[in-house]
Amino acid sequence: MIIPEKADIWAKTYRELKKEESYDYFMETFNKRLPEHFLEGVDVVDYLLNGFSFLDEQKEHDKILNLIDTIYKHNENTFKKGDKQYIDQYLLDIKLYRSEVEYSDYRKFIDAPVESVDKLIDYLRKTIYYGYKDIAYNISKEVFKPIEEAPDLIVGAERDFAETVYLDKWQSHYDEIKTGAEPDKNEFLKFMENYNYKLDEYYDIIANYLMSEELDSEDFNQEFLKGQREFVTRLKWSFLNYMYEEKDINFQISNSIWQETLSFLLSDKTLEELFRVEGIFIIDRLSLISYLKKMTSFLSDNSEKQFLLLWGMVYIYDFLYKQGIIPELIYRSALKIINWIKPEVVSAHSSKLWKYSFIHRLPKSESVKEDIFKGEKDLFIKTYSCEIKLNDIEDIYPYGINQDETLNDKESINIGRNDPCICGSGRKYKKCCLRLMEKQERKWKRSKGNERNFIWTIGEIAEMTTEEIIDKLFYFGVYFNKDAFKNRLMEDDSVANIVNQWFEKFEIRARYFDRDFIKLAAEVLKNRLNG
């Protein structure tokens with residue numbers, strides 16, 4: 001293939017190529033040093049990202065790495081600093097998954113921390129989730145000051161990096177104390193002042209919380225009412241201790257799980273619930289669905305946080321139950337709601353589950369069955385190299401997808417309505433936890449039929465007739481033509497390519513998760529019309 005020397009002709013030639021030809025075109029283009037005027041004359045990065053996206057959909061991950069290596073071998077210095085972050089996001093996703101990532105892979109982010117701060121925060125988070133605490137610590141140390149002192153960034157842009165250093169230092173400090181050593185308190189305090197942590201008043205309190213492996217309060221509610229913030233802080237450090245000692249999970253990951261879970265739990269609580277410690281930890285199914293929906297939308301994708309929250313919450317509820325902070329009713333109800341939603345989330349992200357495989361790098365929770373844990377792990381790995389089907393997901397979860405079930409296990413717990421509540425409040429069960437649980441169940445039942453699930457699934461769409469699916473596509477702005485669709489499929493065009501063209505061609509009215517309907521509907525129609 002002859003590569004045009006003029007940028008405008010190069011771009012025109014690229015646009016006329018089939019997508020499967022773009023990789024060879026890029027490789028031939030970048031396999032030599034390009035003149036500066038060439039890159040200035042066309043938005044090459046935009047074309048590259050389109051090519052990477054296609055290769056990603058096709059599971060051609062080695063080709064992505066080869067292309068990036070070729071680009072930087074001959075033309076690294078011709079790209080702007082801020083542009084390299086968009087290229088390297090594909091490299092980091094693959095290397096994190098493969099456990100091949102090194103500190104040098106972040107260099108282009110670190111060299112331009114202000115220009116790439118948003119992406120840098122995203123990949124700091126992913127690096128933590130995958131357990132690379134030393135890399136996360138070193139990145140944070142190196143970029144904290146430049147980001148803190150940047151005049152054009154919002155106030156607090158440096159906080160994620162400061163917190164990463166803070167948690168790593170506390171873990172090292174804890175290790176020293178545990179071995180009987182006497183770490184230098186003043187040196188620790190002075191070091192953390194560099195990251196805007198003033199700990200003089202709190203050092204001894206935190207150290208005491210951290211070293212207390214078990215909570216010994218006989219009345220958690222009374223202690224909670226005396227100081228809610230202090231009690232929740234105590235729980236957090238005790239949870240970090242529990243995860244480190246019993247699960248070998250570092251402070252950075254455990255803190256991320258805690259913060260995400262607490263943010264959700266406090267997002268939609270009544271005043272009544274906030275005045276009882278176990279009330280905070282009652283999960284409202286609709287609230288969790290709504291919260292997860294807000295985390296991933298067309299405008300903002302925090303799907304890594306979504307997976308960490310839903311799978312990480314289980315560790316928190318195991319901890320709370322073991323410590324006697326929540327009763328069995330609340331514990332079992334929380335697990336049931338989490339398990340009910342998990343397959344929905346898996347189905348919604350079924351084409352790229354490998355990008356969330358960090359959740360199976362964590363040790364299995366006691367409350368998760370071994371076969372489900374292993375089945376999930378294998379399923380996530382499978383999506384790295386091939387597509388999965390709805391049956392693959394349904395085979396893992398015995399409780400199914402989209403099943404309608406009661407919210408809690410009141411019937412299976414042997415307690416009468418007039419018996420003392422199992423939470424230990426001293427009130428009757430019917431006037432305490434039972435009332436809160438039934439209030440949530442009524443809320444859920446009222447919502448049935450008025451509000452759809454927060455995500456579309458293939459199973460849900462497969463139950464619709466072909467005409468219903470086409471009508472729904474039309475409602476969302478897609479003018480579907482059966483013959484044109486079948487012809488595109490006969491030309492070996494992928495569903496992803498067809499859907500991408502719909503989004504470019506039509507004025508799509510679908511918002512947020514309704515946009516998922518369009519892609520999943522295309523998959524269902526492909527199976528039907530090709531049959």
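Residues numbered from 1 in each chain as written. Predicted model: local features only at pLDDT ≥ 70, side-chain atom pairs only at ≥ 80, totals over all residues. Heavy atoms only, no water.

Turning our eyes to something else, we now look at the overall build of the chain. If you tally the helices and strands in the chain, you get 28 helices and 0 strands. For the chain, the residues scored as buried account for 54% of the 531 residues in total. Summarising the internal contacts of the chain: among those between residues at least 6 apart in sequence, 71% fall at separations of at least 24. Accessible surface for the chain amounts to roughly 25,900 Å². Of this, 46% is attributable to carbon and sulfur atoms. (Helix = DSSP H or I, 4+ residues; strand = E, 2+ residues; numbered from the N terminus. Buried < 20%, exposed > 50% of the residue type's maximum accessible area, 1.4 Å probe, protein only. Contact = heavy atoms within 4.5 Å. Areas by Shrake-Rupley, 256 points an atom, 1.4 Å probe, with all protein chains shown as cover.)

The next thing to look at is the side chain of Lys247. Within the secondary structure, Lys247 sits in helix α14 (residues 228-247). Classification of Lys247 as buried rests on a relative accessible area of 10%. For Lys247, the residues in contact, after removing those within four places along its chain, are Tyr242, Tyr315, Pro363, Lys364, Ser365 and Glu366.

Moving on: the side chain of Lys126. Along the polypeptide, Lys126 turns up in helix α8 (residues 117-129). If we skip the residues at most four places from it in the chain, Lys126 touches Asp93, Leu96 and Glu304.

Another aspect to go through is helix α15 (residues 251-265). Here α15 is 15 residues long and its end C-alpha atoms lie 21 Å apart, about the 21 Å a rise of 1.5 Å per residue gives. For α15, a buried count of 13 out of 15 residues is recorded, marking the element as mostly surrounded by other parts of the structure. With a side-chain oxygen lying 2.9 Å from the backbone nitrogen of Gln252, the N-terminal cap of α15 falls on Asn250. (Expected span 1.5 Å × (residues − 1). Polar contact = N/O pair within 3.5 Å; in protein donor to acceptor, adjacent residues only side chain to side chain.)

Moving on, we come to helix α20 (residues 328-348). For α20, which comprises 21 residues, the first-to-last C-alpha distance of 31 Å matches the rise-based estimate of 30 Å (1.5 Å per residue) to within 8%. Counting buried positions along α20 gives 16 out of 21 residues, so the element sits mostly inside the fold.

The N-to-C vectors of helix α26 (residues 482-490) and helix α28 (residues 514-529) enclose an angle of 85 degrees; their axes lie 11 Å apart at closest approach. With respect to α28, the axis of α26 lies roughly perpendicular. Residue-level contacts link Lys482, Phe485, Lys486 and Leu489 of α26 to Ala522, Leu525, Lys526 and Leu529 of α28. Among the residues forming the contact of α26 with α28, the class breakdown is 5 nonpolar, no polar and 3 charged. (Axes fitted to C-alpha atoms, helices over the stretch in contact; angles between N-to-C directions. Parallel < 35°, antiparallel > 145°, perpendicular 65-115°, else oblique. Nonpolar A, V, L, I, M, F, W, Y, C, P; charged D, E, K, R; others polar.)

Taken as a whole, this structure holds 22 salt bridges when the rule is applied. Taking the shortest distance from any N to any O, the salt bridge between Asp93 and Lys126 comes out at 3.1 Å. Of this pair, Asp93 sits in helix α6 (residues 81-98) while Lys126 is found in helix α8, placing the two residues 33 residues apart along the sequence. Each member of the pair, Asp93 as well as Lys126, carries the same accessibility label: buried. Close ionic contact of Glu142 with Arg107 constitutes a salt bridge, the shortest N to O distance being 2.9 Å. Note that Glu142 is positioned in helix α9 (residues 133-149) and Arg107 in helix α7 (residues 107-110), a separation of 35 residues in sequence. For Glu142, a relative accessible area of 36% gives the class partly exposed. (Salt bridge = Lys/Arg side-chain N within 4 Å of Asp/Glu carboxyl O.)

Another aspect to go through is unusual backbone geometry. What is expected of a backbone is that most residues other than glycine have negative phi and most peptide bonds are trans. Although it is not a glycine, Lys59 adopts a positive phi angle of roughly 65 degrees. Examined against the element boundaries, Lys59 turns out to sit in the loop between α4 (44-57) and α5 (61-75). Since its relative accessible area comes to 12%, Lys59 is described here as buried. Of note in the backbone geometry, Asp248 takes a positive phi value of approximately 60 degrees without being a glycine. Structurally, Asp248 is set in the loop between α14 and α15.

Attention now moves to the packing of α4 against α5. It is the contact of α4 with α5, at a shortest axis distance of 8 Å, that shows an interaxial angle of 155 degrees. By the criterion of interaxial angle, the relationship of α4 to α5 is roughly antiparallel. Pair α4 / α5 crosses with left-handed handedness. Listed contacts from α5 to Leu48, Phe52, Leu55 and Asp56 of α4 are His61, Lys63, Ile64, Leu67, Ile68 and Ile71. (Left-handed = near helix turned anticlockwise from the far one by under 90°.)

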